[in-house]
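The primary structure of each chain is shown beneath.
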Amino acid sequence: MALEYTEEKLNSLDKETIIQLFLSQQEQLKQIDHTLQLVLEQVADLKRQRFGRRAERHETEAQVSLMEVDGKIVFFNEAEAVAQEAVEAAETAARQKPKRQGKREEDLSGLPVVVIEHSMPEEELEERFGKDGFKQLPDEVYRRYGFTPAKVEVEEHHVKVYAGKKTDEIVRAPHPECLLKGSLVSPSLEAAVINAKYVNAVPLYRQEQEFERYGLHIPRQNMANWTIQCADRYLAVLYDHLHERMYGYHVLQADETPVLVNKDGRPAGAKSFMWVYRTGQMYTDCQIVLYEYQKTRNASHPREFLKDFSGICVTDGYQVCHTIENEREDLKIAGCWSHARRRFDEAVKGLPKVKRKDSRAHLALTMIQAIYREERLLKGLPAKERKNRRQLSVRPLVEAYFSWVKENIPKVPQKSKTWEGFNYSINQEKYLKVFLDDGEVPMDNNAAEQSIRGFCIGKKNWVMIDTIAGAESSAIIYSIAETAKANNLKPYDYFEYLLTEIPKHLNETDRSFLDDLLPWSPNLPANCRKPGKKEVK
C-alpha cells in the first residue's frame, strides 16, 4: 500500500528526501503507465479477435521499399513509391486482355450432355403456314445445368455358381468381394460418407438425418465403424506408400493443431494434436499431404515421422523441431515469416488508427512486406535462379530488417506485442534466413497451414473425436482427401476408386499396384480428375 503524505509531513522533509521520494514515485508512475499500456493493448487485441476481421493484409502493402546502404536503412520516398505503383498498375491494366472468349464452352466441356428436343406437330405447322408449307431452320440451342439429387438403390449381386456333374468342384463367377464382410456398405456409399465428413465437414449425425430423408436408415455408429475399418484395412495401405514417397523430396513443411479425443484414457478436456506434413510449396506437381494423430506435442512424434527424411523442414518456430535439428546432421529447420509478422499485425490493430502509421510495429510490417514483395517477383523461376536472385534482391532487405530490429528492441516496452515481435525475430533469425540459401524453400509455412485448414473447419462442426481409433482413421482419410485436392482430383470419385481397387490386391505381397493409384498417376480414371484439368503424363 502506497504511503500518504500530508502537506505538514512534506514540509518537515529535507530536500534530499523529497528528491528521492519524487524519483521513486516517478518510477512507479512509469511502471503503472507501462502496465496500463500493456493492458490496453491486450484489451484491444481481445476485441479485435472477437469482433474484428482476421485478415493480416498490411495497409501500405507494396508501397514502400527499403535497402541497406553503408549499414543504414534507407527508405525510398513514400510518395515516389506510391506514384511508381500507380504507373505499374496502369501498365498492368493496359497489358490485361479483355474477357476471355469461350470460357463457358471450356467450363461445360468436361460434363456429359443430354440433348432434349422441342418440336411442333406437323399438323400445327401446316395450319400455321398454310398451303405454302414450311422449312426447318437450324435449331436454337439453350443450355442449362441439370442436377440430379443423390439416390439410393440396392445392389443385388447374383453370382452364378457352377459344379461339375462328375466332380465335386464348385466354381463361382468372378465378382467383387464385399468391402466389409456381412455389411451393406459399398465403395460408393462409403465414399459418400467420407466425402461428406472429411471434405465438406458434415458430421455423421447430420448425414444420418439426410439419409433418413431418402428413406434409408443408417445409424451414425454404423457409418463410424465402416469408416474406421475401411481406413485401417484399405486406405492405410496407400497412406504408408505416400509416407515412403514423401522421403524422396528435399523440402517438407509441418504444422499441428489441437483436437479433443473423448476416450483416450486421460481426464476430460485433455488436448491431443493432429500433425500435418506436406511436400514443399515450390513443388507444384505430385504433392503429398499427410496427417498424423498424437496424444501430445513433444519431440518424439516429429522425430519418429521424419526419421528417414533428409533435407529441410519448414515449421512455425516450435522448439521441439529445433531440438531434432540439433540431434541430426542431415536435417535443417527453416522458419516462417508469416509468424514473424503476425505479432506486429496484432500490435498495429491494437492501436488507435491515428497512431498506427507512426508505430514501430507498422514500420516492421512495412519492412517485411517489402521482403515479400521482392520474393513474389521470383515466383515461377527455377530453384537455382531463384536462389541467385534472392542473394541480390532479397538478402539485403532481410539483413536490413534484422539490423533495425536489434537496434529498436530496447526502445519498446517489454512484453508488448511489438517487443514480442522483435524478440521472436531475433530468436528465429537463423531459421528465418534459411530460405535465402535454397531456392526450393518457401519463406513461410502458409502452405502447411492451408493444408490443415480443412481439419480445423471440420472440428468446429463435430467438436471432438470419440476414440483414438477414430482419430487415427481420421488422420488417414484427411491425408488422402487433402492430397487428392492438392493434385486436382475429385475426392468422392477418388475414394470410390480406391475402395474398389485396393481390396482386389490386399492378398498380394507385391505393392507395385499402389503406383497406379497415386493421385498423379496417368492410369487413374478420367472421372477422378476435375473437368478441364490435364492428365499427368
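Being a predicted model, the structure only gives us computed values, none of them experimental.

Undergrad: Quick question: what am I supposed to make of the overall build of the chain here?
TA: Secondary structure summary: the chain contains 20 helices and 10 strands in total. When the 537 residues of the chain are sorted by exposure, 41% land in the buried category. When contacts within the chain are restricted to residue pairs at least 6 apart in sequence, those whose partners lie at least 24 apart make up 65%. When the accessible surface of the chain is summed, it comes to about 33600 Å², and 52% of that surface belongs to carbon and sulfur atoms.

Undergrad: Hey, could you run me through the side chain of Arg 356 in this one?
TA: Structurally, Arg 356 can be placed in helix H12 (residues 353–356). Classification of Arg 356 by relative accessible area gives buried; the value is 15%.

Undergrad: Hey, could you run me through the pattern of salt bridges in this one?
TA: Close approach of charged atoms lets side chains of opposite charge pair. Using the criterion set out here, one finds 24 salt bridges in the structure. Between Glu 429 and Lys 406 there is a salt bridge, with its nearest N and O atoms 2.9 Å apart. Here Glu 429, found in helix H16 (residues 429–432), pairs with Lys 406, found in helix H14 (residues 383–408); they are 23 residues apart in sequence, far enough to count as distant. Judged by its relative accessible area of 42%, Lys 406 falls in the partly exposed class. The salt bridge partner of Lys 504 is Glu 501, with a shortest N-O separation of 3.0 Å. Here Lys 504 pairs with Glu 501, and both are found in helix H20 (residues 491–505), just three residues apart, close to one helical turn. On the basis of relative accessible area, Lys 504 is assigned to the exposed category, the value being 54%. Residue class for Glu 501 comes out buried when judged on its relative accessible area of 17%. The network of salt bridges with shared partners includes Arg 395, Glu 399, Lys 406, Glu 429, Lys 433 and Asp 437.

Undergrad: Which parts of the structure should I look at to understand helix H8 (residues 220–246)?
TA: Quick reminder: α-helices carry 3.6 residues per turn. Residues three or four places apart thus point the same way. A rise of 1.5 Å per residue sets the reference length of H8, with its 27 residues, at 39 Å; its end C-alpha atoms lie only 34 Å apart and thus fall more than 12% short of the reference. Along H8, the largest kink reaches about 55 degrees and is centred on Leu 235.

Undergrad: Would you mind showing me how to read the nonpolar core here?
TA: A general feature of soluble globular proteins is that nonpolar side chains tend to end up buried together. Within the largest apolar cluster, 114 residues are counted, with the highest numbers of intra-cluster contacts made by Leu 235, Leu 238, Tyr 291, Trp 337 and Tyr 401. At 12 residues, the largest contribution of residues to this core is made by H8. Not counting residues up to four positions away in its chain, the partners in contact with Leu 238 are Ile 480, Tyr 494, Leu 498, Ile 502, Leu 514, Leu 517 and Leu 518.

Undergrad: Would you mind showing me how to read helix H10 (residues 319–327) here?
TA: Those residues of H10 that fall on the buried side of the exposure criterion are Val 320, Cys 321, His 322, Ile 324 and Glu 325. Residues of H10 that are buried sit in contact with helix H9 (300–305), strand S9 (331–334) and H16.

Undergrad: Which parts of the structure should I look at to understand the side chain of Glu 292?
TA: Note on placement: Glu 292 falls in strand S7 (residues 289–294). Despite its burial, Glu 292 pairs with no opposite charge; the closest candidate is Lys 307, at 9.7 Å N-O. A distance of 3.4 Å separates the side chain of Glu 292 from the side chain of Gln 294, its partner in a polar contact. Beyond its immediate sequence surroundings of up to four residues, Glu 292 is in contact with Tyr 239, Phe 273, Met 274, Trp 275, Tyr 277, His 301, Phe 305 and Ala 475.

Undergrad: I keep staring at the packing of helix H6 (residues 187–199) against H8 and nothing clicks. Help me out?
TA: Relative placement of two packed helices is described by the angle separating their axes and the distance separating the axes. Following both chains from N to C, one finds H6 and H8 inclined at 100 degrees, their axes separated by 10 Å at the closest point. Between H6 and H8, the crossing angle belongs to the class labelled roughly perpendicular. On the side of H6, the interface is formed by Leu 189, Glu 190, Val 193, Ile 194 and Tyr 198, while H8 contributes Met 223, Trp 226, Thr 227, Cys 230 and Leu 235.

Undergrad: Just to check I follow, could you spell out the pairing of strand S5 (residues 251–263) for this structure?
TA: Within a regular strand, side chains alternate between the sheet's two faces. Bridge analysis of S5 against strand S8 (residues 311–314) gives three bridges, and the strand direction is parallel. Of the residues in S8, the one forming a bridge with Val 251 is Ile 312. Looking at chain direction, S5 and strand S6 (residues 271–279) are connected through nine bridges and run antiparallel. Across the sheet, the residue bridging to Pro 258 is Phe 273, located in S6. Of the pairings in the sheet, the one linking S5 to strand S10 (residues 464–467) comprises three bridges and is parallel in character. Counted as the bridge partner of Val 261 is Ile 465 from S10.

Undergrad: How should the packing of aromatic side chains be read in this particular structure?
TA: Aromatic ring pairs are reported here in terms of the distance separating the ring centres and the angle at which the planes meet. Using the criterion set out here, one finds 15 aromatic pairs in the structure. Judged by centre distance (5.5 Å) and plane angle (85 degrees), the rings of Trp 404 and Phe 422 are edge-to-face. Of the two residues, Trp 404 is situated in helix H14 and Phe 422 in helix H15 (residues 417–427); the sequence distance between them amounts to 18 residues. By relative accessible area, Phe 422 is classed as buried at 0%. Positioned over the ring face of Trp 462 is Lys 197, at 5.8 Å from the centre of the ring. Here the basic side chain of Arg 297 rests over the ring of Tyr 318, its NZ or CZ set 3.7 Å away from the ring centre.

Undergrad: It is not clear to me how the confidence of the model for the chain should be interpreted in this structure. Could you clarify?
TA: The predicted structure's coordinates, where accompanied by low pLDDT, should not be read in detail. Confidence in the prediction for the chain averages 85 pLDDT; 86% of positions are at 70 or higher. This model gives residues 61–65 a pLDDT under 50, and the stretch forms 20 contacts once residues within four places in sequence are excluded. The low-confidence segment residues 73–87 (pLDDT under 50) makes 27 contacts with residues lying over four places distant or belonging to another chain.

Undergrad: How do you make sense of unusual backbone geometry when you look at a structure like this?
TA: Excluding glycine, most residues fall at negative phi; most peptide bonds, likewise, are trans. With a phi angle near 75 degrees, Lys 415 is a residue other than glycine that sits in the positive phi range. Checked against the element boundaries, Lys 415 lands in the loop between H14 and H15. Classification of Lys 415 as exposed rests on a relative accessible area of 53%. The backbone phi angle of Asn 488 is positive, close to 60 degrees, even though this residue is not glycine. Note that Asn 488 resides in the loop between helix H19 (468–486) and H20.

Rules behind the numbers
- Residues numbered from 1 in each chain as written.
- Predicted model: local features only at pLDDT ≥ 70, side-chain atom pairs only at ≥ 80, totals over all residues.
- Heavy atoms only, no water.
- Helix = DSSP H or I, 4+ residues; strand = E, 2+ residues; numbered from the N terminus.
- Buried < 20%, exposed > 50% of the residue type's maximum accessible area, 1.4 Å probe, protein only.
- Contact = heavy atoms within 4.5 Å.
- Areas by Shrake-Rupley, 256 points an atom, 1.4 Å probe, with all protein chains shown as cover.
- Salt bridge = Lys/Arg side-chain N within 4 Å of Asp/Glu carboxyl O.
- Expected span 1.5 Å × (residues − 1).
- Bend = angle between axes of the 7 residues up to and from the residue.
- Core = buried A, V, L, I, M, F, W, Y, C linked by side-chain atoms within 4.5 Å.
- Lys, Arg positive; Asp, Glu negative; His and termini not counted.
- Polar contact = N/O pair within 3.5 Å; in protein donor to acceptor, adjacent residues only side chain to side chain.
- Axes fitted to C-alpha atoms, helices over the stretch in contact; angles between N-to-C directions.
- Parallel < 35°, antiparallel > 145°, perpendicular 65-115°, else oblique.
- Pairing = 2+ DSSP bridges.
- Phe/Tyr/Trp six-rings, centres within 6.5 Å; stacked < 30°, edge-to-face > 60°.
- Lys NZ or Arg CZ within 6 Å of the ring centre and 35° of its normal.
- pLDDT = per-residue confidence, 0-100.

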